[in-house]
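A look at the structure
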Amino acid sequence: MKYIKLPIDFSDLLKGKGKKECSLEESIAQYLMILITSRYGEVAGKDDFGSDIWELEFNQLVKVYEWEEKVRISLIRTIMKYERRLSDIKVIVSLSEIDTDLDSKKHSHVRRKAIIGVSGIIVHTGVPFNFDTSIYVSPLSQ
């Protein structure tokens with residue numbers, strides 16, 4: 001089976017060039033990124049597609065461990081429902097604070113960084129699958 005590499009370059013398609021393809025593993029990784037970065041209700045007809053990240057993004061009242069667990073559970077639920085190419089899914093979410101303006105001596109720009117790890121077994125091949133990503137969320141100070 002062939003998988004389309006994202007993002008799709010429509011200008012190449014209009015010029016008659018073929019679409020770029022990717023491996024099964026890369027296709028799963030691309031889909032996981034879409035799941036992680038989607039907000040609930042963003043995909044028409046799939047109100048439960050996405051994660052709690054964007055529901056909790058600016059909520060400063062949630063404790064870090066509660067944020068991590070809510071996001072982890074939401075991702076497990078969504079991945080199990082929408083990414084059927086994986087089984088035995090495990091998700092790890094870790095939230096940390098980092099200074100994104102290290103060159104400035106006058107003020108710092110602290111943000112939260114979510115590190116997300118997904119592991120499982122590719123159903124079709126039985127091969128272990130691991131995916132890791134990190135995204136910046138909710139600025140703590142501007």
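What counts, and at which threshold
- Residues numbered from 1 in each chain as written.
- Predicted model: local features only at pLDDT ≥ 70, side-chain atom pairs only at ≥ 80, totals over all residues.
- Heavy atoms only, no water.
- Helix = DSSP H or I, 4+ residues; strand = E, 2+ residues; numbered from the N terminus.
- Buried < 20%, exposed > 50% of the residue type's maximum accessible area, 1.4 Å probe, protein only.
- Contact = heavy atoms within 4.5 Å.
- Areas by Shrake-Rupley, 256 points an atom, 1.4 Å probe, with all protein chains shown as cover.
- Salt bridge = Lys/Arg side-chain N within 4 Å of Asp/Glu carboxyl O.
- Phe/Tyr/Trp six-rings, centres within 6.5 Å; stacked < 30°, edge-to-face > 60°.
- Core = buried A, V, L, I, M, F, W, Y, C linked by side-chain atoms within 4.5 Å.
- Expected span 1.5 Å × (residues − 1).
- Axes fitted to C-alpha atoms, helices over the stretch in contact; angles between N-to-C directions.
- Parallel < 35°, antiparallel > 145°, perpendicular 65-115°, else oblique.
- Left-handed = near helix turned anticlockwise from the far one by under 90°.
- Nonpolar A, V, L, I, M, F, W, Y, C, P; charged D, E, K, R; others polar.

A count of helices and strands for the chain gives four helices and five strands. The order of helices and strands in the chain, counted from the N terminus, is β-α-β-α-α-α-β-β-β. Within the chain, the proportion of its 142 residues that are buried is 35%. Across the chain, the fraction of contacts at a sequence separation of at least 24, relative to all contacts at a separation of at least 6, is 51%. Element-wise, carbon and sulfur atoms account for 55% of the exposed surface of the chain, whose accessible area totals about 9100 Å².

Our next topic: the pattern of salt bridges. Oppositely charged side chains are able to pair whenever their charged atoms sit close together. Counted according to the given criterion, the structure contains four salt bridges. In this structure, Arg 72 and Glu 69 form a salt bridge, with 2.9 Å as the shortest nitrogen-oxygen distance. With Arg 72 and Glu 69 both in helix α4 (residues 64–82) and three residues apart, the pair spans about one turn of that helix. Measuring nitrogen to oxygen at the nearest pair gives 2.8 Å for the salt bridge that ties Arg 85 to Glu 83.

So, on to the packing of aromatic side chains. Taken as a whole and judged by the stated rule, the model has two aromatic pairs. Taken together, a centroid distance of 6.0 Å and an interplanar angle of 65 degrees make the contact between Tyr 31 and Phe 49 edge-to-face. With a gap of 18 residues between them, Tyr 31 in helix α2 (residues 24–37) and Phe 49 in the loop between α2 and α3 (53–56) connect regions that are remote in the sequence. Tyr 31 sits in the partly exposed class, given a relative accessible area of 22%.

For the rest of this paragraph, the subject is the nonpolar core. With 32 residues, the main nonpolar core has Leu 32, Ile 53 and Trp 67 as its most contacted residues. Here Ile 53 is in contact with Ile 36, Trp 67, Val 71, Ile 116, Ile 135 and Val 137, once residues within four sequence places are set aside.

The end-to-end C-alpha distance of α4, which contains 19 residues, comes to 27 Å, matching closely the 27 Å that a straight helix rising 1.5 Å per residue would cover. Residues of α4 that are buried: Trp 67, Glu 68, Val 71, Ser 74, Leu 75, Ile 76, Thr 78, Ile 79 and Tyr 82.

Relative to the assigned elements, Ser 74 resides in helix α4. Its relative accessible area of 0% is what places Ser 74 among the buried residues.

It is the contact of α2 with α4, at a shortest axis distance of 11 Å, that shows an interaxial angle of 135 degrees. By the angle between their directions, the pair α2 and α4 is classed as oblique. Along this stretch, α2 crosses α4, giving a crossing that reads as right-handed. Residues Tyr 31, Leu 32, Leu 35 and Ile 36 of α2 lie in contact with α4, whose contacting residues are Leu 75, Thr 78, Ile 79 and Tyr 82. Taken together, the residues of the contact of α2 with α4 sort by class into seven nonpolar, one polar and no charged.

Coordinates in, geometry out; function isn't part of it.
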